[in-house]
Structure formats: C-alpha cells, structure tokens
Amino acid sequence: QKEVEQNSGPLSVPEGAIASLNCTYSDRGSQSFFWYRQYSGKSPELIMSIYSNGDKEDGRFTAQLNKASQYVSLLIRDSQPSDSATYLCAVMGGGADGLTFGKGTHLIIQP
Amino acid sequence: GAVVSQHPSRVICKSGTSVKIECRSLDFQATTMFWYRQFPKKSLMLMATSNEGSKATYEQGVEKDKFLINHASLTLSTLTVTSAHPEDSSFYICSARRDSSDEQYFGPGTRLTVT
C-alpha cells in the first residue's frame, strides 16, 4: 500500500524566514509529486508540481525531489502570515492516476 | 486558468435519502476526474477515478453501488450518495485533470451532513 508521510506539526516559523516542509513516500514507482496548500474548511490549492530530481523554483516556493531517497520537500522563502495553512504532499504513479496524500503539515507563520 | 466548480457547497439530508454532487471543469476539458473524501482532521482519501464515457474505477473499500459516479461529458462528473447514513457525513471534493498534464485542480468541495 502506498504511503506518504509528513510531520503533522505545527511548524512555527517567524515572518520573513524560510519554512521547510518535508515528505517521504513509499512507492518507488511514483513519478509525479505535488504540493498543495489547504486552508481550514477549504479545498486544496495546487502550489507546485515536480517530476524530476533536483530543484524547481516558482516565486517564493522551491520544490526539491530526490527519488533515490524517496523524499520531496517544499521551501517557502520570505514567509508571510498568509502562508499559514496545512501543506499537503501528494504523490501519483505506479500505474494509478489518483493522488495519494500525506496527512499534511500545519504551518504557522508568526508575525 | 484551471477552474473547477462544485455544487452544492453544503447539503444536509435525512438518513436514507440520496444526494447528488456535481463537479464541473469550467475552462478546460477533463477526460479524467477524481472524487475524494476528507473526514475532520484527516487527509484526503481517493474514492474513485471517473473517466468520460466509461465506468468509474473505485478504490478498495468504496462501495460502487452506494457512491454512483457518472462522467457524461468532458466537463461534468457527478457523484450520487445513495441511501446516505450519518457515517457518510464528510467533505467531498472533486478534482479534474487537464488532458495534457498530471496536475489535478480541485473544486471547492461539498460538505455533506446526514442527520
């Protein structure tokens, strides 16, 4: 059974600092990796997708993928209070189209 | 953009009745849509994959006769919860995937309460 693991937090980061979120996955056949942001009571919003080893940057966000270590991370630079949310790591692949989600990391940006 | 709508946003129904939830991709075609369920303080769990013009594929443990899925067009999928019970109360969220990508875009969700 596919598993996606995340530290549930809460992770508290001062405003303006870098927030680092981590995720590991069990299925080596996984090919596509995503980070979603979910505010309380709302549905997930896609932040980043990453498919190959290395870094991918989009604005203040950087996703990092290491398939050998089965590890995905998300860095948020210049953290803002509006970044306070639950961040979900999601994995796709191994013959399936649907996403397997981690339980999410609750991020709190302290003003 | 990649906008997905869902209707209704909130529904309360009596035990034993059926509820239909609609999911629409507004600005792109989606051969494949997905239905997820999220219980309080839990993560999203995939219920089924909906393919336009064919039968849905259900995840293990999800009753296909209870959760009826229809994907009749490239922009619309529906989920009908039949004979709903209080344990079906949950946040139901659909997603749609662009045909040219693996990225899934989520609708705003439907909060179902069965009394």
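See the structure shown above.
Residues numbered from 1 in each chain as written. Chains lettered and ligands numbered in written order. Predicted model: local features only at pLDDT ≥ 70, side-chain atom pairs only at ≥ 80, totals over all residues. Heavy atoms only, no water.

> Sorry, what's going on with the pattern of salt bridges here?
Any two side chains of opposite charge can pair if their charged atoms end up close together. Per the stated rule, a full pass over the model turns up 7 salt bridges over all chains. A salt bridge links Glu57(A) to Arg77(A); its shortest N-O distance comes to 3.5 Å. Taken together, the positions of Glu57(A) in strand β6 (residues 54-58) and Arg77(A) in the loop between β8 (71-76) and β9 (85-93) put the pair 20 residues apart, joining distant regions of the chain. By relative accessible area, which is 25% here, Arg77(A) ends up partly exposed. Its salt-bridge partner being Lys66(B), residue Asp88(B) comes within 2.8 Å of it at the nearest N-O pair. Taken together, the positions of Asp88(B) in the loop between β8 (76-81) and β9 (90-97) and Lys66(B) in the loop between β6 (57-58) and β7 (67-73) put the pair 22 residues apart, joining distant regions of the chain. On the basis of relative accessible area, Lys66(B) is assigned to the buried category, the value being 11%. One connected set of salt bridges, linked through shared partners, spans Arg37(A), Glu45(A), Arg60(A) and Asp83(A). (Salt bridge = Lys/Arg side-chain N within 4 Å of Asp/Glu carboxyl O. Helix = DSSP H or I, 4+ residues; strand = E, 2+ residues; numbered from the N terminus. Buried < 20%, exposed > 50% of the residue type's maximum accessible area, 1.4 Å probe, protein only.)

> What exactly am I supposed to notice about the environment of Glu52(B) here?
Residues and elements named next belong to chain B. Take Glu 52: it is sitting in the loop between β5 (45-51) and β6. Residue Glu 52 is classed as partly exposed on the basis of its relative accessible area of 31%. Considering only alpha carbons, one finds Glu 52 and Ser 73, 21 residues apart in sequence, at a separation of 6.0 Å.

> Just to check I follow, could you spell out the interface of chain B and chain A for this structure?
You'll often see interface size given as the accessible area lost when the parts meet. Facing 19 residues of chain B, the contacting portion of chain A comprises 19 residues. Counting each side, the surface lost to burial between chain B and chain A is near 1400 Å², with a carbon and sulfur contribution of 54%. On the surface where chain B and chain A come into contact, there are 1 salt bridge. Where Asp97(A) meets Arg97(B), a salt bridge forms, and the shortest distance between an N and an O atom there is 3.6 Å. At the boundary of chain B with chain A, the tally comes to 8 residue pairs in polar contact (both at pLDDT 80 or more). Contributions of two or more residues to the side of chain B that touches chain A are made by β4 (32-38), β9 and β10 (104-106) of chain B. (Contact = heavy atoms within 4.5 Å. Buried area = accessible area lost by both parts, 1.4 Å probe. Polar contact = N/O pair within 3.5 Å; in protein donor to acceptor, adjacent residues only side chain to side chain.)

> What am I meant to see in the pairing of β8(B) here?
Residue and element names in this part refer to chain B. Of all the 6 residues making up β8, 6 are buried; the element is thus mostly covered by neighbouring parts of the structure. Taking every second residue as pointing to the same face, both faces of β8 are buried, with Leu 76, Thr 78 and Thr 80 on one and Ser 77, Leu 79 and Val 81 on the other. Across 6 bridges, the pairing between strand β3 (residues 19-25) and β8 is antiparallel. Counterpart to Ile 21 in the pairing with β8 is Leu 79. The pairing of β7 with β8 spans 5 bridges and is classified as antiparallel. Directly across from Phe 67, in β8, lies its bridge partner Val 81. (Pairing = 2+ DSSP bridges.)

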